[in-house]
Amino acid sequence: MSNQDFVRQLPQSASLGASAHLVRMHLDPLLLLTLLAIIGFGLVMLYSASGGKPGGEIPSIFTSQTVRMGLALIAMLVAAQLHPRFYQRWAPVIYVGGVVLLVLVLLVGVKVKGSQRWLDVPGLPRFQPSELMKLAVPMMLAWYFADRALPPRFKELGAALGIIAIPTALIVLQPDLGTGILIAGAGLSLIVLAGIYWRWIAYAFVAAAAAAPGLWFLLQDYQRERILTLFDPESDPLGAGWNIIQSTTAIGSGGLYGKGLFGGTQSHLEFLPEAQTDFIIAVIGEELGLVGVLALLSLYLIVLARGLYIAAQARYTFQRLLVGTLTLTFFVYVFVNIAMVSGLLPVVGVPLPLVSYGGTSAITLMAGFGIIMAVRTHRAW
Amino acid sequence: MSPSLSIKDSLSERRLFGARASALFVIATVLLLGLVGRMIQLQILQHDAYHTRSEANRIQVQPLAPRRGLIYDRNGVLLADNRPMLSLALVRERIADLDALIAELDTLVAISEEDLQGFRERLKRRRRPFEAVALKLNLSAREIATLAVNRHRLPGVEISKQLVRHYPLGAVLAHAVGSVRRITEQDLRRLDPIRYTATRFVGKIGVERFYEQSLHGEVGYQRVETDAHGRIRQELEKKPAVAGQNVTLHLDSRLQIAAAAALGQRRGAIVALDTRSGGVLAMVSNPGYDPNLFVTGISSRQYQALVDSRDTPLFNRAINGQYAPGSTFKPIVGLAGLSLGMVNWEEQIEDLGWFKLPNQNRIYRDWSWRKDNSGGQGLVDLNRAIYRSSNVYFYNLVMRMDIDQLSGFAAQFGIGQRIAVDIPDTSPGLLPNRLWKQGAKGEVWYPGDSVNMGIGQGDLLVTPLQMASIAAVFANRGIRRRPRMLLSSDRPLVEVDPLPPLPPVEGPSADDWERMVDAMEDVVHRGKMGYRQNGVAWAHIGRNISYRMAGKSGTAQVVEIKQGEEYDEEELDEYSRKHAWFIAFAPADDPAIALAVLVENGGGGSSVAAPIAREVIDHFLLPQLAAR
């Protein structure tokens, strides 16, 4: 439709009109634009990280990621059309179904690279039920607190921790510590949003600190190694320390303005491992420098602020807690990923949301943003 | 915080959520700022360090080894060239479990304990990241094929190709041309580290050593961009290596082969010189060794066998073997006597086969002496003293001379000195005199010392190279030329720093030289004259010779024969028998070649060494004479 038609339909103001149009489609314009910007940024970087050159052959990874992002946008669009009431009603079913699937994964799942994370249902694409739990756990907790007085009491806190613990335990058993921690983190941040007393939080921290030495013995050897490597990557520069040495070298060598898009040597010469997936922020740091990293971080900050704003504006407890948690989870992804790649946290398998190559997590995330937009745009109960 | 409520308070819950959301937003922002801080630390504050690190990852400077200069003989025959050697090399950085991989490789191509030891040593040395380190050298075609088939499951294994020295003629020229050896830790301290970064071998012996600088060439380098797997992605800059200079030697490999064949299995040495230039035409030291072993890798067992052998194959007898010259020294004593006016060509001495110093009982024997004091040569003049090799004549003559005068005269022939132009590590021999004896033995010079020296025995020592050079002095009638290896090169060589020419031998008149040469011709040609009238070598080489050869035999005592006893070869063990010498040059009137033959523990000079000398000279001269 031409601009002329557009003006005739919405005579008041074109810009307001576009915005209103999106709202009518149950989309939040600011959030959508920001997400599109991140996705676009991510695709460009992925093009470079997978060895593409301007005008050269398009890397197959880039094509398949573009398709996935399209699917993710569709997932977002669909999720946004559903009324928040729907999510609240179905939360227990989705949660229980997810837990059942997690049990199935442990029983009949497909093993890839030593961990059993995937379900292969005939006729459906192979998928990870743990991804579903990233949405299901916050939904279930929000459902649980929806009709209860807040801040939660101790007994309710126990129940909430149970809701978190069951899927977390099942996921850790796969083993997939990274996802397990993220889901637990999402659940815990919901409990914090629910208004749990700061005092209790402090107790929990003290308890966690006390338990840390014990936890150390529960970790697998490779996990301990990763933690030790964090403190001294040079101790094993060609083994465990390699990833972190190469990623910090990539980022550091980028400087303020970077080596230029497609000009990263660490990534293009394959010194940087996992450049297209978990370590893609190092490619950004190398090729676009501090400026590029700050630009991306700003976009993420906008998403965070907008998500929390939408949450705060929501009328119902379920919506507030769910939106707030989904937003914070998204942020935790960002933080953990970048902290890991820049050598502040041990290497755990957390992708950079909407930028790293990988399908399932982007679809889950965008579905989550669909729910956030649904909360924003479906007003009436 | 208010006490918990049992009914929902929508407004307060909303306020509570708002507070929590704000708090978490602040925390999130602080965390984000933490990340920004980290990025500033990496990208701004430590940028230089990481930039350097990234460049070091990416850019490798690879030295390019120069091709070693070729060595030719005078006829253009290759004596030393380069050929590709394929080796199995490992890139340590790409190998997770080294021991497992080596065990795997052992099943494929058999890795010996020595390969492993060498590999570990090379691994310890400084090297570039991702540089392949050789594990097994000189792979066979079959081994290459085995490795190629299994290549996919051997990450970090590479087949590296490098040019290494090759000596096509092997052992026969080992001592003449010399050879290269693998660069050792000690060499690294001595060599220019930049010039030799890409070089694995250095000339250690002979011509290879003397002309090392020119033969080596100039190292080049290329700056390349490599990826994490060590593969070269692009060449950034290249300075090609400059190949070493090719050199041509005086050596005549055909003559060398003929000389080695003439010597056969006997231990000994032959040095043949071009009388007109001093160029070394042949330099044989037997037994030799295969110099290629030192390039492609010699096992310590093989090496130990070479070192331990009683025949010392690694020892270059031609330049380092020091022996008493025996009677080959007599022409020098004769010329000394003439120069000093102690004798003339006419004077005759009666040779009864033995000699005594006044007031001493010790008997000094002629070679013809018998237990019953029969023997001797009868009346001998200087000419006869040479062709009959009369000891008694020279015992008498030497007693008329002051020993320091004799030594001074003999020094003009290069004994006790190193006169070669470009033959490294030659031994000087020993020319005794009073001062030397006082210094070395703390004793005064006894008349008996002079008697021994008169027939080339005692403490006097010479090398075959020196004797060949002395033969050339006679050939050139007193004109002296330094022995040399290099005939020509494409361009002037840095090593060529012309030594001053040697002055001619002073003292003998032109007539003395001619008559001495005549006497030496008689050694070979004077025949059919009857009892005690023929040249000592005539029966062995002079019967059917088509050109004029001048020569002198010598027999050097290894162990002292007791007073009153005859030398009996059968009674002595092989290594105690006399050394056989023969020096010669030909054609006598217009000499082209001069040589010295030494056969260790060979016995008589005329019977053993002279036929070898004849064979070598025949090989050299007959084609030339036939062509004329």
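Residues numbered from 1 in each chain as written. Chains lettered and ligands numbered in written order. Predicted model: local features only at pLDDT ≥ 70, side-chain atom pairs only at ≥ 80, totals over all residues.

*Asks:* Can you explain the overall build of chain B? Please cite residues and give values.
*Replies:* Scanning chain B from N- to C-terminus turns up 23 helices and 20 strands. Expressed as lengths along the three principal axes of its C-alpha atoms, the size of chain B is roughly 150 × 60 × 45 Å. Summarising the internal contacts of chain B: among those between residues at least 6 apart in sequence, 75% fall at separations of at least 24. (Helix = DSSP H or I, 4+ residues; strand = E, 2+ residues; numbered from the N terminus. Contact = placed C-beta atoms within 7 Å.)

*Asks:* Now, about the overall build of chain A: what can you tell me, with residues and values included?
*Replies:* Across its full length, chain A carries 15 helices and 2 strands. For chain A, whose C-alpha radius of gyration is 22 Å, the value lies close to the compact-globule estimate of 21 Å for 381 residues. If one aligns the C-alpha atoms of chain A with their principal axes, the spans along those axes are about 60 × 60 × 45 Å. Put simply, chain A has 381 residues, and 47% of those count as buried. Considering only contacts in chain A between residues 6 or more positions apart, those separated by 24 or more positions represent 69%. (Rg over C-alpha atoms; globule rule 2.2 N^0.38 Å. Buried ≥ 20, exposed ≤ 12 C-beta atoms within 10 Å, placed from the backbone.)

*Asks:* Requested: an account of helix α16 (residues 391–400) of chain B, with residues and values cited.
*Replies:* Among the 10 residues of α16 of chain B, 8 are classified as buried, and the element is accordingly described as predominantly covered. Looking only at α16 of chain B, the buried set comprises N391, V392, Y393, F394, Y395, N396, L397 and V398 of chain B.

*Asks:* Residue-level account of the domain arrangement of chain B, with values.
*Replies:* Residues and elements named next belong to chain B. Assigned domains within chain B: domain 1 (83–166) and domain 2 (253–627). A C-alpha centroid distance of 52 Å is found between domain 1 and domain 2. Taken together, the contacts link 7 residues of domain 1 with 6 residues of domain 2. No other element matches the 3 residues that strand β5 (residues 157–166) contributes to the side of domain 1 that touches domain 2. When its residues are assigned to classes, the side of domain 1 that touches domain 2 shows 3 nonpolar, 2 polar and 2 charged. (Domains from an automatic or database assignment. Nonpolar A, V, L, I, M, F, W, Y, C, P; charged D, E, K, R; others polar.)

*Asks:* Break down the confidence of the model for chain A for me, with residues and values.
*Replies:* All names here are of chain A. Averaged over every residue, the pLDDT of chain A is 86; residues scoring 70 or more account for 93%. No element of chain A has a lower mean pLDDT than helix α1 (residues 3–9), at 45, and none a higher one than helix α13 (residues 280–313), at 95. Under a pLDDT of 50 for its full length, residues 1–13 has, in the predicted model, 6 contacts with residues more than four places off or in other chains. (pLDDT = per-residue confidence, 0-100.)

*Asks:* Explain the packing of helix α8 (residues 177–193) of chain A against helix α1 (residues 10–45) of chain B to me, using residue names and the numbers behind them.
*Replies:* At a minimum axis distance of 9 Å, the contact between α8 of chain A and α1 of chain B shows a crossing angle of 130°. One way to sum up the angle between α8 of chain A and α1 of chain B is to call them oblique. Between α8 of chain A and α1 of chain B, the contacting residues are S189, V192 and L193 of chain A on the first element and F17, R20, A21 and L24 of chain B on the second. Class assignment of the residues belonging to the contact of α8 of chain A with α1 of chain B gives a composition of 5 nonpolar, 1 polar and 1 charged. (Axes fitted to C-alpha atoms, helices over the stretch in contact; angles between N-to-C directions. Parallel < 35°, antiparallel > 145°, perpendicular 65-115°, else oblique.)

*Asks:* Account for the interface of chain B and chain A, naming residues and giving values.
*Replies:* Counting from both sides, the interface comprises 40 residues of chain B and, opposite them, 45 residues of chain A. Mapped by element, the contributors of at least two residues to the side of chain B that touches chain A are α1 and α2 (47–58) of chain B. The element that contributes the greatest number of residues to the side of chain B that touches chain A is α1 of chain B, accounting for 19 residues. Tallied by class, the residues present in the side of chain B that touches chain A amount to 20 nonpolar, 10 polar and 10 charged.

*Asks:* Can you break down the sheet that holds strand β11 (residues 268–274) of chain B residue by residue, with the values?
*Replies:* Strand pairing in a sheet relies on backbone hydrogen bonds. The paired strands run either parallel or antiparallel. All names here are of chain B. A sheet is described by the order of its strands in space; here 5 strands give the open sequence β12-β11-β20-β19-β18, paired in antiparallel fashion. Of all the strands in the sheet, the pair left with one neighbour each is β12 (280–286) and β18 (550–556). Within the sheet, the average angular offset between the axes of one strand and its neighbour, ignoring direction, is 5°. With 7 bridges joining them, strand β19 (residues 579–586) and strand β20 (residues 593–599) adopt antiparallel strand pairing. Looking across to β20, one finds that F582 is bridged to V597. (Pairing = 2+ DSSP bridges.)

*Asks:* Give me the lowdown on the sheet that holds strand β9 (residues 232–239) of chain B, citing residues and values where you can.
*Replies:* Residues and elements named next belong to chain B. If you walk across this open sheet you meet the 3 strands as β1-β8-β9, and the pairing is antiparallel. Only two strands of the sheet have a single partner each, and these edge strands are β1 (59–64) and β9. Direction aside, the axes of adjacent strands within the sheet are offset by 25° on average.

*Asks:* Describe the pairing of β9 of chain B, and please don't skip the residues or the numbers.
*Replies:* Each regular strand shows side chains that alternate between the opposite faces of the sheet. Residues and elements named next belong to chain B. Of all 8 residues that make up β9, 0 are buried, and the element is exposed over most of its length. Relative to β9, strand β8 (residues 220–226) runs antiparallel, the two sharing 6 bridges. From the neighbouring strand, T226 faces β9, where its bridge partner is I232. The antiparallel hairpin formed by β8 and β9 contains 5 residues in its connecting segment, where G230 sits at a positive phi of about 80°.

*Asks:* Hey, could you go over the nonpolar core for me, with residue numbers and the actual values?
*Replies:* One broad rule of soluble globular proteins: the nonpolar side chains tend to lie buried together. One finds I270, V271, A272, A471 and L595 of chain B to be the most contacted residues of the largest nonpolar core, which totals 122 residues. In terms of residue count, helix α20 (residues 464–475) of chain B provides more of this core than any other element does, 9 residues in total. Grouped together as the second largest cluster of nonpolar side chains are 111 residues, I38, V105, L182 and F369 of chain A included. (Core = buried A, V, L, I, M, F, W, Y, C linked by C-beta atoms within 7 Å.)

*Asks:* Outline unusual backbone geometry, listing residues and values.
*Replies:* In this structure, P151 of chain A follows L150 of chain A across a cis peptide bond, with omega equal to 0°. Positionally, P151 of chain A belongs in the loop between α6 (129–146) and α7 (154–172). Geometrically, the link from A586 of chain B to P587 of chain B is a cis peptide bond, its omega value of -15° lying close to zero. If you trace the backbone, P587 of chain B turns up in the loop between β19 and β20. At A110 of chain B, a position not held by glycine, the phi torsion is positive, near 60°. Within the fold, A110 of chain B resides in the loop between α3 (98–109) and α4 (113–124). Its 10 C-beta neighbours within 10 Å are what place A110 of chain B among the exposed residues. At N359 of chain B, a residue that is not glycine, the phi angle is positive and equals roughly 65°.

*Asks:* Go over the packing of helix α11 (residues 242–254) of chain A against α2 of chain B, please, and point to the residues and values.
*Replies:* Contact geometry for α11 of chain A and α2 of chain B: axes closest at 7 Å, N-to-C directions at 115°. Considering only the axes of α11 of chain A and α2 of chain B, their crossing is left-handed. Listed contacts from α2 of chain B to T248, T249, G252 and S253 of chain A of α11 of chain A are H47, A49, Y50, H51, R53, S54 and N57 of chain B. Partitioning the contact of α11 of chain A with α2 of chain B into residue classes produces 2 nonpolar, 8 polar and 1 charged. (Left-handed = near helix turned anticlockwise from the far one by under 90°.)

*Asks:* For the environment of M549 of chain B, give the residues involved together with the corresponding values.
*Replies:* Residue and element names in this part refer to chain B. Residue position: M549 is located in the loop between α22 (538–542) and β18. In sequence terms M549 and P591 are 42 residues apart; their C-alpha atoms lie 8.8 Å from each other. If near-sequence neighbours (up to four positions away) are discounted, M549 is found in contact with V524, A584, A586, A588 and I617.

*Asks:* Describe the environment of A134 of chain B, and please don't skip the residues or the numbers.
*Replies:* All names here are of chain B. Summarising the element assignment, A134 is placed in strand β4 (residues 132–136). Taking the C-alpha atoms as reference, A134 lies 8.8 Å from D115; in sequence the two are 19 residues apart. When residues no more than four places from it in sequence are discounted, the contact partners of A134 are S87, A89, R122 and S160.

*Asks:* Run through the environment of M140 of chain A, naming residues and quoting values.
*Replies:* Here M140 of chain A is to be found in helix α6. Setting aside anything within four residues of it in sequence, one finds M140 of chain A in contact with A91, P92, Y95 and I163 of chain A.

*Asks:* Go over the confidence of the model for chain B with me, naming the residues and quoting the values.
*Replies:* Within chain B, residue pLDDT values average 89, and 97% of them lie at 70 or more. Here the complex is predicted with pTM 0.72, and the ipTM for its interfaces comes to 0.89.

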